[in-house]
Amino acid sequence: MNVTKNTEKERMTFWEKIYLPEIARGLGLTLKQMFKPTFVRQYPEERWEPLGSYRGRPVLVLEEDGERCVACGLCARVCPALAIEVRASETEQEKERYPMLFEINMLRCIYCGFCEEVCPEEAIVMSKDYDLVFTSTEDAVLGKDKLLMPVEQLQDRLEFLRRWR
Amino acid sequence: MPQITIDGKRIEASAGKTIIEAATESGIMIPHFCWHPSLSVAGNCRMCLVNVGMPKRAPDGSTERNPDGSPVIQYAPKMQIACATPIADGMVVELSDKRTETAQNAVMEFLLINHPLDCPICDEAGTCKLQEYSFTHSVGKSRFDDPKWHKDKRVPLGPNVMYDAERCILCSRCIRFADEVAEQHVLTFVERNDHVYVDTFPGVTFDSQYSMNTIELCPVGALTSRDFRFKARVWEMSFNDSICPGCSRGCNMQIGVRDNQIQRLEPQTNMHVNQYWMCDHGRLTQYDFVNTNRVQEPMIRRDGQLVPVSWDEAYKAAANLLKRYKHSEIMVVSSSRASNEDNYMLANFARKTLKTENIDFPLHTDESFADSLLRTADRSPNSRGASETGAGNSRRGVDFAHLLARINSGSIKALYVMCEDFAESAEMTAALGKVETLIVHASNNNAVTAAAHVVFAASTYAEAGGTYVNVQKRVQHFRPAVVTQENSRTTGMKMSRWDKFGTQYDRWAQGERRNCRQNWNIVQGVANLLGGDWHFKSSEDVFSDLAHHVAPFKGMTYELLDEHQGLILDRADSPEPKKEVYKSFTMKPN
Ligand code: SF4
Ligand code: SF4
Ligand code: SF4
Ligand code: SF4
Ligand code: FES
């Protein structure tokens, strides 16, 4: 477009300049939309269910005999935001070590998914959980109680990782 | 001396040396697992295979030459292990040619056939030779499809060492260590070929006082510390150089710290003192008192109760109490557990500020502790240094042996104690109730602090900078490893990634920063209220003053001590010649 021609005079027609007919046209448009079907989702009653490829908050995979995590600390090492703290301890189980403490600071987490990528046990994965609300900084540090999620609820993501990673 | 060429680099070494020894001495690392400079040669891991050649001889005995004049090299038909092949003049060793690389890769592939690859749970990960060489000398592929052979993963070899048979690469370093260094002949290989594992003979256990050295010695994670197991990963800890305060040997060690708590102690090589080792007692007992039961802040006694006060208040209280007594009524107890800097300041404080000759320190002798390798009967790290710096008795005042009687007779009324707990003597502890004024520097709560009128929260060796003089008269420098409010980030401490980037909002970065001070600093605070005029900013300042005034330390600085790994008293100008220090692991982080 030639910018030099874009003067006020050229942009506005006479009808536009007198203003009122345009108001009426705008109201008409609104009226027309009111009788069309709506696309509004009644969130939070109606939640959007993301696909397996979605990166929501990272969670720990829980199986019948406990978490998969062996507290290797690799996720804590790779996390660019230093959101993860892991403290290991010994268990009688075959895997020998388990996380005595596992915390993710969701105020630090940037949902990059590196923790999931580095985990040698497929023990931390990105869930579909996206609506996180906290009322204090302490609340935002999620411990094992909030992080552990049964493996059945994570099938989509695990399937996605198996196919595409 | 024979000349050999390693990887194109000409080096000289004395005859009779093996290739790997000659290379290590000139700073060239040949990959190896089973060889260790202080153990006999086993030659069983084959990782050190190298392509070795000699100049070709013509039938008449002369050296055949290429057109350009260089000798024609004839390579041995079979590769040689560098750890068991003696050098010969003119020898050529190839470390990075095709043949050597193929051999190294093949050895790695064999070693990993049955290896569980459980690095995620292995304490060695990060300092593991097998990991290291997987990066540098292996293509990282296995062609072996059969299931791995499984072995026991948690076998206690002794009270302190846990054995994982699957991870073991059967290098026999631990067995040779037990036989040759610890001289406890209890370890052996059992079974044959890929079923082999290390075990103790029936009815005995590997409980040598030096057993835990096998943990670092083991090139993989097969031997782990039962005390440390899984406490932290190597890269999560910072490692600062320190000196074990467990006895007067003064073994060099590194302090592994995470969340401002000591997680483990491990030996640091110093060929003049402890070589590669330290005793189990040192590494198991010399950190707990840093982590727990600490005196949190300065306190003074009000209405029979110890109440926390600010440093200035505590200094003032101590100074006011001391002013009440005649010089001869005060006794200053210095400490063979405190550094030269601390004792030097305290001695000056006693003689110049308090004008008393009543100063001495107790000895902590335990003949049963001594052995022929490292441990000494003197259970304090610095009794030599305490007397050299003037903190011992000069025969003109009350000495420690007579202190008890003088307290009981009432001629000593005030006691100024630096870091001694009198735990060996019940009479002494009981007598503390009889002194009118008891001022103590203490890092831990004990019987002395319970009776004290003023308690200064003192730094432990792990939070202070300073020097000790060991049993060989060697002055050794140690650095702070644990952060306090006093030394916070001012002393060039090594820090892990978590230490560096943690903020006050991160729970893991909130490891306690204790409100304690180094002894020399506390002495300075009290002395300056009693007419002293000292303005030392760091232990290094104190040491340079000390080196200036105390003849045996003449010429010493922290920098020189670090450079030479310690200097002998009176001999700062003639240190031992420096040698390459053998390091088993080269990729250790932090
Ligand atoms: S998603 Fe990224 S930022 Fe969040 S915890 Fe994992 S590695 Fe850290
Ligand atoms: S990387 Fe995986 S196994 Fe390791 S600590 Fe993190 S979640 Fe646990
Ligand atoms: S336990 Fe370690 S040091 Fe001992 S033979 Fe096995 S790999 Fe070698
Ligand atoms: S020998 Fe002495 S200095 Fe060495 S580690 Fe043992 S107690 Fe510490
Ligand atoms: S180091 Fe030479 S064979 Fe093991």
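Residues numbered from 1 in each chain as written. Chains lettered and ligands numbered in written order. Predicted model: local features only at pLDDT ≥ 70, side-chain atom pairs only at ≥ 80, totals over all residues. Heavy atoms only, no water.

Where do I start with the overall build of chain B in this structure?
Of the regular secondary structure elements, chain B holds 17 helices and 24 strands. Taking the principal axes of the C-alpha coordinates as reference, chain B spans close to 95 × 55 × 50 Å. Considering chain B as a whole, with its 590 residues, one finds that 56% of them fall into the buried category. Considering only residue pairs separated by 6 or more positions, chain B has 67% of its internal contacts joining residues 24 or more positions apart. (Helix = DSSP H or I, 4+ residues; strand = E, 2+ residues; numbered from the N terminus. Buried < 20%, exposed > 50% of the residue type's maximum accessible area, 1.4 Å probe, protein only. Contact = heavy atoms within 4.5 Å.)

I'm lost on a nonpolar patch on the surface in this one. Help?
All names here are of chain A. Judged by side-chain polarity, Y19, L20, I23 and L27 come together as a nonpolar surface patch covering roughly 450 Å² of accessible area. When you line up the elements, Y19 lands in the loop between α2 (14-17) and α3 (20-34). Y19 sits in the exposed class, given a relative accessible area of 54%. (Patch = residues over 30% accessible without salt bridge, like charges linked within 9 Å, V, L, I, M, F, W, Y side chains within 5 Å. Areas by Shrake-Rupley, 256 points an atom, 1.4 Å probe, with all protein chains shown as cover. Salt bridge = Lys/Arg side-chain N within 4 Å of Asp/Glu carboxyl O.)

Before we go on, may I ask you to explain helix α11 (residues 400-409) of chain B in this structure?
Counting along an α-helix, one turn takes 3.6 residues, and residues three or four places apart therefore face a common direction. All names here are of chain B. Residues of α11 that are buried include every one of F400, L403 and I407, and no others. Seen along its axis, α11 keeps its buried residues to an arc of 20°; they face one direction. Opposite the buried face of α11, at more than 90 degrees from it, the exposed residues are A401 and S409. Considering only its buried residues, α11 is in contact with β17 (330-333), β18 (359-360), β19 (414-418) and α12 (426-431). One or two residues past the end of α11 sits G410, with phi positive at roughly 85°. (Arc of directions from axis to C-beta.)

How should I be thinking about the pattern of salt bridges in this particular structure?
A side chain of one charge can pair with a side chain of the opposite charge when the charged atoms of the two come close. The full count for this structure, using the stated rule, is 44 salt bridges over all chains. Of the charged contacts, one joins B:D506 and A:R108 as a salt bridge, the two residues approaching to 2.4 Å between their closest N and O atoms. Taken together, the positions of B:D506 in the loop between α14 (497-501) and α15 (519-529) and A:R108 in the loop between β4 (97-105) and α5 (114-118) put the pair across two chains. Overall, the relative accessible area of 2% leaves B:D506 in the buried class. In this structure, the salt-bridge partner of B:R474 is B:E576, at a minimum N-O distance of 2.9 Å.

Quick question: what am I supposed to make of the sheet that holds β19(B) here?
What holds strands together in a sheet is hydrogen bonding between their backbones, with the strands either parallel or antiparallel. Residues and elements named next belong to chain B. Overall, mixed pairing links the 7 strands, which are arranged β16-β15-β21-β20-β19-β17-β18 in an open sheet. Both outer strands of the open sheet, β16 (305-308) and β18, are each paired with one neighbouring strand and no more. In terms of strand pairing, strand β20 (residues 437-442) meets strand β21 (residues 454-457) through 4 bridges, oriented parallel. In the sheet register, I439 faces β21, and the bridge partner there is V454. Sitting on the sheet, helix α8 (residues 311-323) touches β15 (299-302), β17, β19, β20 and β21, and the angle it makes with β21 is about 140°. Here helix α9 (residues 340-353) sits on the sheet and contacts β17, β18 and β19; the angle it forms with β19, its principal contact strand, is near 165°. (Pairing = 2+ DSSP bridges. Axes fitted to C-alpha atoms, helices over the stretch in contact; angles between N-to-C directions.)

Got a minute to help me understand the domain arrangement of chain B in this structure?
Interface extent is often summarised as the accessible area lost during association of the parts. Residue and element names in this part refer to chain B. Assigned domains within chain B: domain 1 (3-59 + 69-111), domain 2 (129-291) and domain 3 (293-491 + 502-590). Taking only C-alpha atoms, the centre of domain 1 and the centre of domain 3 are 51 Å apart. Across the boundary between the two partners, domain 1 contributes 9 residues, which contact 5 residues of domain 3. Interface area for domain 1 against domain 3, summed over the two sides, is near 460 Å², with a carbon-plus-sulfur share of 71%. (Domains from an automatic or database assignment. Buried area = accessible area lost by both parts, 1.4 Å probe.)

Is there a simple way to think about the interface of chain A and chain B in this case?
Listed per partner, the contact involves 30 residues of chain A and 21 residues of chain B. Interface area, chain A with chain B, both sides summed: about 2,100 Å², of which 45% is carbon and sulfur. When the buried surface of chain A facing chain B is broken down by residue, A:L82, A:E96 and A:R97 rank first, second and third, together holding 32% of it. Summed over the shared surface of chain A and chain B, the number is 7 salt bridges.

Help me understand the site of ligand 2, please; the structure alone is not making it clear to me.
Contacts to ligand 2 come from A:C69, A:V70, A:A71, A:C72, A:G73, A:C75, A:F102, A:C119, A:P120, A:E121 and A:I124. Its residues assigned to classes, the shell around ligand 2 comprises 9 nonpolar, 1 polar and 1 charged. (Near = heavy atom within 4 Å. Nonpolar A, V, L, I, M, F, W, Y, C, P; charged D, E, K, R; others polar.)

Help me understand the site of ligand 1 in this model?
Surrounding ligand 1, one finds A:C79, A:P80, A:I84, A:C109, A:I110, A:Y111, A:C112, A:G113, A:F114, A:C115 and A:M126. Within the shell around ligand 1, the residues separate by chemical class into 10 nonpolar, 1 polar and no charged.

Would you take a moment to explain the sheet that holds strand β14 (residues 261-267) of chain B for this structure?
All names here are of chain B. Here 3 strands make up an open sheet; going across it, the order is β12-β13-β14 and the pairing antiparallel. Two strands in the sheet have a free side with no partner beyond their single neighbour: β12 (238-243) and β14. For this sheet, the mean angle separating the axes of adjacent strands, direction not counted, is 30°. In the sheet, β12 pairs with strand β13 (residues 252-258) via 6 bridges, with the strands oriented antiparallel. By the bridge assignment for β13, F239 is matched with G256.

How should the side chain of B:K129 be read in this particular structure?
All names here are of chain B. With respect to the helices, strands and loops of the structure, K129 is situated in helix α3 (residues 129-136). Buried charged residue K129 carries no salt bridge. Nearest counter-charge: E132, at 5.5 Å. A polar side-chain atom of K129 sits 2.7 Å from the main-chain carbonyl oxygen of S584. (Lys, Arg positive; Asp, Glu negative; His and termini not counted. Polar contact = N/O pair within 3.5 Å; in protein donor to acceptor, adjacent residues only side chain to side chain.)

It is not clear to me how the environment of B:A426 should be interpreted in this structure. Could you clarify?
Position of B:A426 relative to the elements: it lies in helix α12. Sequence separation between B:A426 and B:A447 is 21 residues, and the spatial gap between their C-alpha atoms is 9.9 Å.

What is the right way to look at the packing of aromatic side chains in this model?
The relative placement of two aromatic rings is captured by the distance of their centres and the angle of their planes. Residue and element names in this part refer to chain B. All chains considered together, the criterion is met by 18 aromatic pairs over all chains. On the basis of an interplanar angle of 35° and a centroid distance of 4.5 Å, the ring pair of Y468 and F478 is categorised as tilted. Remark: F478 occurs in strand β23 (residues 474-478) and Y468 occurs in strand β22 (residues 466-469); sequence separation between them is 10 residues. Here Y468 and F478 have matching classes, each one buried. The structure contains a cluster of three or more aromatic residues connected by ring pairs, namely W35, F177, Y276, W277 and Y582. If you follow R264 out to its NZ or CZ, it ends over the ring of F228, 4.6 Å from the centre. (Phe/Tyr/Trp six-rings, centres within 6.5 Å; stacked < 30°, edge-to-face > 60°. Lys NZ or Arg CZ within 6 Å of the ring centre and 35° of its normal.)

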